[in-house]
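Structural description and commentary
Here's the letter readout for the chains.
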Amino acid sequence: MITIYVLGALQSAVWFFVTPHVCKYIWPRLFGQHQAEVAELLLWCGLLPYFVLYLVVVALPPYYLNWGFFEQYKVSDEEWPWRSMHKEVRDSFWKTARSSLVLDVFYLSVFPLIAWVKIVAFGSVMFDTTEDWPTYSESAFQIMSFVVLHEMMFYWIHRASHPKSGSCVNSRVNDIDIALRHCSSSSQAFHNFPSLYKYHKIHHQYKQNNVLASQHFSVVDFFFSIAFPSIACTIIVRPHSVCLLQAALWLITANLDDHLGYAFPWSPVRWFPFAATTEAHEFHHRCNIGCFSSKLNLDAVFGTDGQGRLKQEKD
Ligand SMILES: [Zn+2]
Ligand SMILES: [Zn+2]
């Protein structure tokens, strides 16, 4: 297993050490003839094919092949709904999947427009390859600042969007669910906004995750949970364009990985200590209790681990 975790670390090493060299070479060819404002817009648009790449390379092969090697890492005990013997289960899945695809296309089209408003109002990030190209220590600082700030924003917005109680769809734990509804004393002190859950519950239509859930949001939820933290962090941190690209790849990969349904140990966003886990987000969708993190395990800091994931699913 340790060997497989090394694969995740190697991917992260390539992402951190190799990406800047590749970008320094291709940046003048991609963006040299454009003003920085247009260049940043093109960079945001350039992230969109990454969703397709992840879908084709990471998600679809295990979904389609159904090989035992992949299935050993499946998080949920439930069978995939598209493989169900019951027609109504399959029909319900494909109906939700179709709406997810429409939402995917819509949000991936709208996001560059939101980014453009940011660029016009607050200016663009830097694209110059000759001066101020970040060193590794500067890259580390900018990327970590961006990701930590983003995770803080995402965590608190996500947590505020949830009611304080939830209910598991897993019958094994329903009997202890009542006793554990109120997650922790810290969550009692925190003010939730129940009115936000009527928007966020669209995302929770998926009780068992697959990658299509990653962008399955209502418009209001998409703006507060997805668009706002990314744009706000770009304004506050003002990373160099290559650091913005690297941070965005981390965010997007974690978002897709949260909903993959498989906890692959070679994931580049899960191998290190204090990483949030795919299992935790799967639990979050199924039980609506705690586990609000995506990239970093802030649930361990703020005591919202879903009461020890409902006592480790009642042991
Ligand atoms: Zn949620
Ligand atoms: Zn989710």
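Definitions and cut-offs
Residues numbered from 1 in each chain as written. Chains lettered and ligands numbered in written order. Predicted model: local features only at pLDDT ≥ 70, side-chain atom pairs only at ≥ 80, totals over all residues. Helix = DSSP H or I, 4+ residues; strand = E, 2+ residues; numbered from the N terminus. Buried ≥ 20, exposed ≤ 12 C-beta atoms within 10 Å, placed from the backbone. Contact = placed C-beta atoms within 7 Å. Core = buried A, V, L, I, M, F, W, Y, C linked by C-beta atoms within 7 Å. pLDDT = per-residue confidence, 0-100. Expected span 1.5 Å × (residues − 1). Axes fitted to C-alpha atoms, helices over the stretch in contact; angles between N-to-C directions. Parallel < 35°, antiparallel > 145°, perpendicular 65-115°, else oblique. Left-handed = near helix turned anticlockwise from the far one by under 90°. Nonpolar A, V, L, I, M, F, W, Y, C, P; charged D, E, K, R; others polar.

A few points about the overall build of the protein chain
- Within the protein chain one finds 14 helices and zero strands.
- Walking the protein chain from its N terminus toward its C terminus, one meets helices and strands in the order α-α-α-α-α-α-α-α-α-α-α-α-α-α.
- When each of the 315 residues of the protein chain is scored for burial, the buried share is 35%.
- Residue pairs in contact within the protein chain that sit at least 24 positions apart in sequence constitute 71% of those at least 6 positions apart.

Focus: the nonpolar core
- Grouped together as the largest cluster of nonpolar side chains are 29 residues, with contacts concentrated most on Ala115, Phe146, Leu244, Leu245, Ala247 and Trp250.
- If you list the elements that add at least two residues to this core, you get helix H1 (2-31), helix H2 (36-46), helix H5 (87-122), helix H6 (136-160), helix H10 (219-237) and helix H11 (241-258).
- Looking at this core element by element, the count peaks at nine residues for H11.
- For alanine 115, the contacting residues outside a window of four places in its chain are Leu41, Trp44 and Ile231.
- Ranked by size, the runner-up nonpolar core spans 11 residues in total, among them Phe154, Ala280, Ile289 and Leu296.

With respect to the confidence of the model for the protein chain
- Per-residue pLDDT for the protein chain has a mean of 89; in total, 88% of the residues score no lower than 70.
- Note that pLDDT drops below 50 for residues 171-188; the model gives that stretch 30 contacts with residues more than four away or on any other chain.

A short note on the environment of lysine 118
- Note on placement: lysine 118 falls in helix H5.
- Assessed through the 19 C-beta atoms surrounding it within 10 Å, lysine 118 is described here as partly exposed.
- The spatial distance from the C-alpha of lysine 118 to the C-alpha of alanine 232 is 8.8 Å, given a sequence separation of 114 residues.
- Setting aside its immediate chain neighbours within four residues, lysine 118 contacts Ile231, Thr234 and Ile235.

Digging into H11
- Under the 1.5 Å per step criterion, the end-to-end length of H11 is 25 Å for 18 residues, consistent within 8% with the ideal 26 Å.
- Of all the 18 residues making up H11, 16 are buried; the element is thus mostly covered by neighbouring parts of the structure.

Let's talk about the packing of H6 against H11
- The N-to-C vectors of H6 and H11 enclose an angle of 40°; their axes lie 9 Å apart at closest approach. In terms of orientation, H6 and H11 fall into the oblique class. Pair H6 / H11 crosses with right-handed handedness. Judged by residue contacts, Ser139, Gln142, Ile143, Phe146, Val147 and His150 of H6 engage Cys243, Gln246, Ala247, Trp250 and Leu251 from H11.
- Residue composition of the contact of H6 with H11, by class: seven nonpolar, four polar and no charged.

Some details on H6
- Between its first and last C-alpha, H6 extends 36 Å over 25 residues, near the 36 Å set by a 1.5 Å rise per residue.
- The secondary structure elements touched by the buried residues of H6 are H1, H10, H11 and helix H13 (298-302).

What about unusual backbone geometry?
- A positive phi angle, near 60°, is found at asparagine 66, a position not held by glycine.
- Mapped onto the secondary structure, asparagine 66 falls in the loop between helix H3 (48-65) and helix H4 (68-71).
- Positive phi, normally seen in glycine, also occurs at arginine 238, with a value near 50°.
- Structurally, arginine 238 is set in the loop between H10 and H11.

Comments concerning the packing of H6 against H10
- Where H6 contacts H10, the axes come no closer than 9 Å and their chain directions differ by 145°. Here H6 and H10 pass one another in a crossing that is right-handed. Together, Gln142, Ser145, Phe146, Leu149, His150, Met153, Phe154, Ile157 and His158 of H6 and Phe224, Ser225, Pro229, Ser230, Ala232, Cys233, Ile236 and Val237 of H10 make up the contact between the two elements.
- Grouping the amino acids of the contact of H6 with H10 by side-chain chemistry returns 11 nonpolar, six polar and no charged.

Here's the deal with the environment of phenylalanine 127
- Note that phenylalanine 127 resides in the loop between H5 and H6.
- Phenylalanine 127 sits in the buried class, given 23 other C-beta atoms within 10 Å.
- Spatially, the C-alpha atom of phenylalanine 127 lies 8.1 Å from that of glutamate 40, the residues being 87 residues apart in sequence.

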